[in-house]
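Coordinate analysis (summary)
Listed here are the chains, written in short residue letters.
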Amino acid sequence: MATKKSTRQFKAEISQLLEIITNSIYTNREIFLRELVSNASDALDKLRFLQSSGAALADPDAPLEIRISPDKDARTLTIADTGIGMNREELVDNIGTIAHSGSAEFMRRAAEQGGAGADSIIGRFGVGFYSVFMVADEVRITTRGADPAAAPVRWVSSGTGNYTIEDLDTDAPRGTSIEIQLKEDAADFADPERLRQIIRAHSNFIGFPILLAGERVNTTPALWREPKFQIKKEQYDEFYSFLTYDSKPPLEHLHVAVDAPVQFTGLLFIPDAPSGSFFEDPDNYGLDLYVRRVLIERRHKELIPQYLGFLRGLVDTEDLPLNLSRETLQENLLVGKIRQTLTKQALAMLAKLAEDQERYATFWRHHGKVFKLGYSDYPNREQYAALLRFNASTHDDADGLTSLADYKARAKDGQTAIYYISGPSREAVRLNPHLEIFAQRGIEVLYCFEPADEFILDSLGTFDGMALTAAEKADPADLERFPAQDADAAKDGPEAEPADPEAFEAMLKAAREALGERVQDVRASRRLKDSPACLVSPDGAMSSQMEKYLRIMTKDTTPPVKVMELNRDHPLVRNLLRIHRHDGADAFFRTSVEQLYESALLLDGYLADPHALVARMNKLMEQASGWYAEIKRL
């Protein structure tokens, strides 16, 4: 028999906002279960706090748990807890008023009493309960407070503007039971398997047992909340597997516990697998965000910068405030502070991993392309730069890696720059004429195979006091200060004639005239040793590779106007000098200059149509072979 039954109107703001809350605030209907389970966890936390204070309780031996009971035939779902419960006044205050937070009030009172455990309560979210009306035709709450003298109360509403509340004279267990009559289009929420998936997705780490049809669902502990010294590597590996469904253990993990400036804990993992999918969907990265063990958002991008997007894991914060629902962050400032802290700790983790060259090489092979995106992270540029790796001229193959710090340690006395050169492959880079002076002087050069590499080095500018300089922009005078490794090697080809300087300058002028506006200048080279010619960017211009990338982006296919350099010591150039001295208008000379220019364009990747080059080369070979046969009298 019920007594004191009354029907009340929701307050005006509830009537106005219920439809918005149930239809707009929540982007996913399953969120209602997360909210109700979180509220039940709140109630159990409050009850445990009262237990620790020695207060007398109703049903003192009742286990602290959450029970979920679906009935597919009746299309009902019941969520019950053995928590603190509510009396009539609390039920009206907490359910009848929008955005009134019973948990916040409880915490205020607990703080006044000096309660140390009250800050573990989740419920500072205000309207989470009302999400139930997304799926409910009617909601029936039966609750009894923790005070032994408390009487049970029932609250019933269809969410349409009013509710009934009544005292019950029948016995009821301590806690709260919410019975939901599901809408027809929400009948799947009475399916145990569907419920199990939702709980494991959103509420798996709630600290109290969640029983679904008598079976505990949340069996995985919130490992990040355990003391680090108590956790074994096998436990981290198992948790990583649970979190990512990856059968391989992670390459490394980071267990974070921070008290200031924001209180949060977390677990970050480096997968031992390539990050190929990142570039297919570059926005699909981030860490799972929890608030007091409750999942708020998967892959929250604001928690880590994009270049750390290979990291998998989660963050659980105590301090993050939310607005109307757990889905929308109210204050990004705190998230920004978490991001700053996580970035520094992740970079420190990588620095420690780098002490093991073999394991770091594995990391770089899997995730180096993603990590390179961090060249614009100026606050952490020193830590970032120290973690970069490149192939270099000192390696035997393309698999070798070196750091900028190791390059500096091997640099020659008096060397003030770290030199690099770009190309599509190691073989292509090794054949670049701009490397010849470096090889002659025994100066190491970094090899950049990825388009991002040159942007990275150009953006950094310097490393530990050494300028980062493209090889083709290096001043030959700076390199000539170092002794040549083969200074005594005899030069092949004809000897220079006495009038060589004047004749050579005349030949350069003729070459400039032959090429016209296609070149800015033709000059003698101080950088070439084995090649007859190369193209050089004008002083102050960007490097060839950087210019090439920009031209690709702008779809500009016209060859750039550059400086052509000729190697006065190369046999081919010497022969051209002799031809020009004999006949300044010789057609073979002009044809050979054209061939040298287009060959240099081809090496630099600017020659769009090689047909003219091939036809000219065949003509030159025809002439040269005829002369050769005549000389040899074949």
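Small disclaimer: the values here were computed from a predicted structure and weren't measured.

Procedures and definitions
- Residues numbered from 1 in each chain as written.
- Predicted model: local features only at pLDDT ≥ 70, side-chain atom pairs only at ≥ 80, totals over all residues.
- Heavy atoms only, no water.
- Helix = DSSP H or I, 4+ residues; strand = E, 2+ residues; numbered from the N terminus.
- Contact = heavy atoms within 4.5 Å.
- Areas by Shrake-Rupley, 256 points an atom, 1.4 Å probe, with all protein chains shown as cover.
- Expected span 1.5 Å × (residues − 1).
- Buried < 20%, exposed > 50% of the residue type's maximum accessible area, 1.4 Å probe, protein only.
- Polar contact = N/O pair within 3.5 Å; in protein donor to acceptor, adjacent residues only side chain to side chain.
- Pairing = 2+ DSSP bridges.
- Axes fitted to C-alpha atoms, helices over the stretch in contact; angles between N-to-C directions.
- Phe/Tyr/Trp six-rings, centres within 6.5 Å; stacked < 30°, edge-to-face > 60°.
- Lys NZ or Arg CZ within 6 Å of the ring centre and 35° of its normal.
- pLDDT = per-residue confidence, 0-100.
- Bend = angle between axes of the 7 residues up to and from the residue.
- Parallel < 35°, antiparallel > 145°, perpendicular 65-115°, else oblique.
- Nonpolar A, V, L, I, M, F, W, Y, C, P; charged D, E, K, R; others polar.

Within the protein chain, the regular secondary structure consists of 20 helices and 22 strands. Look at the contacts in the protein chain between residues 6 or more apart in sequence, and 72% of them connect residues 24 or more apart. Taken as a whole, the protein chain presents about 30,400 Å² of accessible surface, with 49% of it coming from carbon and sulfur.

Below, the discussion takes up helix 19 (residues 587-604). End to end, helix 19 covers 26 Å across 18 residues, agreeing with the expected 26 Å (1.5 Å per residue, within 8%). Residues of helix 19 that are buried include every one of Phe588, Phe589, Ser592, Val593, Glu594, Gln595, Leu596, Tyr597, Glu598, Ala600, Leu601 and Asp604, and no others. Where helix 19 begins, one side-chain oxygen reaches toward the backbone nitrogen of Phe588, 2.7 Å away; that side chain belongs to Asp586. Note on helix 19: the residue one or two positions beyond its end, Gly605, has a positive phi of about 85°.

Spatially, five strands are ordered 10-11-14-12-13 in an open sheet, and the strand pairing comes out mixed. Two strands close off the open sheet at either side, each with one partner strand: strand 10 (252-258) and strand 13 (294-300). Sheet twist, expressed as the average angle between the axes of neighbouring strands with direction ignored, equals 15°. Summarising the sheet, strand 12 (residues 287-291) and strand 14 (residues 312-317) pair through four bridges and their orientation is parallel. Within the sheet, the bridge partner assigned to Tyr290 lies in strand 14 and is Asp316.

Turning next to the packing of aromatic side chains. Under the criterion given, the structure shown has 25 aromatic pairs. Judged by centre distance (5.1 Å) and plane angle (45°), the rings of Tyr360 and Phe363 are tilted. Here Phe363 and Tyr360 lie together in helix 9 (residues 357-371), a separation of three residues that amounts to about one turn. Note on Tyr360: relative accessible area 2%, which makes it buried. Put simply, the rings of Tyr307, Phe310, Tyr360, Phe363, Trp364, Phe371 and Tyr384 pair up and form one aromatic cluster. One residue, Arg568, lies across the ring of Phe504, its end atom 4.4 Å from the ring centre.

Per-residue confidence for the protein chain gives a mean pLDDT of 85; residues scoring 70 or more make up 85%. Low pLDDT, under 50, characterises residues 98-104; the stretch is placed with 20 contacts to residues that sit more than four places away or in other chains. Confidence drops under a pLDDT of 50 for residues 322-327, and excluding neighbours within four residues, the segment shows 28 contacts in the predicted structure.

Another aspect to go through is unusual backbone geometry. Leaving glycine out, the prevailing phi sign among residues is negative, and the prevailing peptide bond configuration is trans. Between Ala260 and the following residue, Pro261, the backbone shows a cis peptide bond with an omega angle of 0°. When you line up the elements, Pro261 lands in the loop between strand 10 and strand 11 (264-270). The residue Arg292 is not glycine, and still its phi comes out positive at about 50°. Tracing the chain through its elements places Arg292 in the loop between strand 12 and strand 13. Overall, Arg292 belongs to the buried group, its relative accessible area being 6%. Backbone geometry places Asp464, a non-glycine residue, at a positive phi of 50°. Within the secondary structure layout, Asp464 lies in the loop between strand 18 (462-463) and strand 19 (466-470).

Taking strand neighbours across the sheet as the criterion, the three strands line up as 20-22-21 in an open arrangement whose pairing is mixed. Looking along the sheet, the strands with just one partner apiece sit at the ends: strand 20 (519-524) and strand 21 (533-536). Adjacent strand axes in the sheet meet at a mean angle of 25°, parallel and antiparallel pairs treated alike. Judged from the five bridges that link them, strand 20 and strand 22 (residues 562-566) form a sheet pairing that is parallel. Bridge pairing in strand 22 links Ala524 to Leu566. Along the sheet, helix 19 makes contact with strand 20, strand 21 and strand 22, crossing strand 21 at roughly 60°.

The first and last C-alpha atoms of helix 9 sit only 17 Å apart over 15 residues, clearly below the 21 Å expected at 1.5 Å per residue. At Arg365, helix 9 shows its largest kink, close to 55°. Taken residue by residue, helix 9 has Tyr360, Thr362, Phe363, Trp364, His366, His367, Gly368, Val370 and Phe371 as its buried positions.

Time to look at the pairing of strand 7 (residues 175-182). Sheet analysis places strand 3 (residues 76-81) next to strand 7, joined by six bridges and oriented antiparallel. Across the sheet, residue Thr76 finds its bridge partner in strand 7, namely Gln181. As judged from the eight bridges shared by strand 4 (residues 136-144) and strand 7, these two strands associate in the antiparallel manner. Across the sheet, Ala136 pairs through a bridge with Leu182, a residue of strand 7.

Their axes nearest at 10 Å, the elements helix 16 (residues 500-515) and helix 19 cross at an angle of 75°. As judged from the angle between their axes, helix 16 and helix 19 are roughly perpendicular. Contacts between helix 16 and helix 19 involve Met507, Ala510, Ala511, Ala514 and Leu515 from the former and Phe589, Arg590, Val593, Glu594 and Tyr597 from the latter. Split into classes, the residues belonging to the contact of helix 16 with helix 19 amount to eight nonpolar, no polar and two charged.

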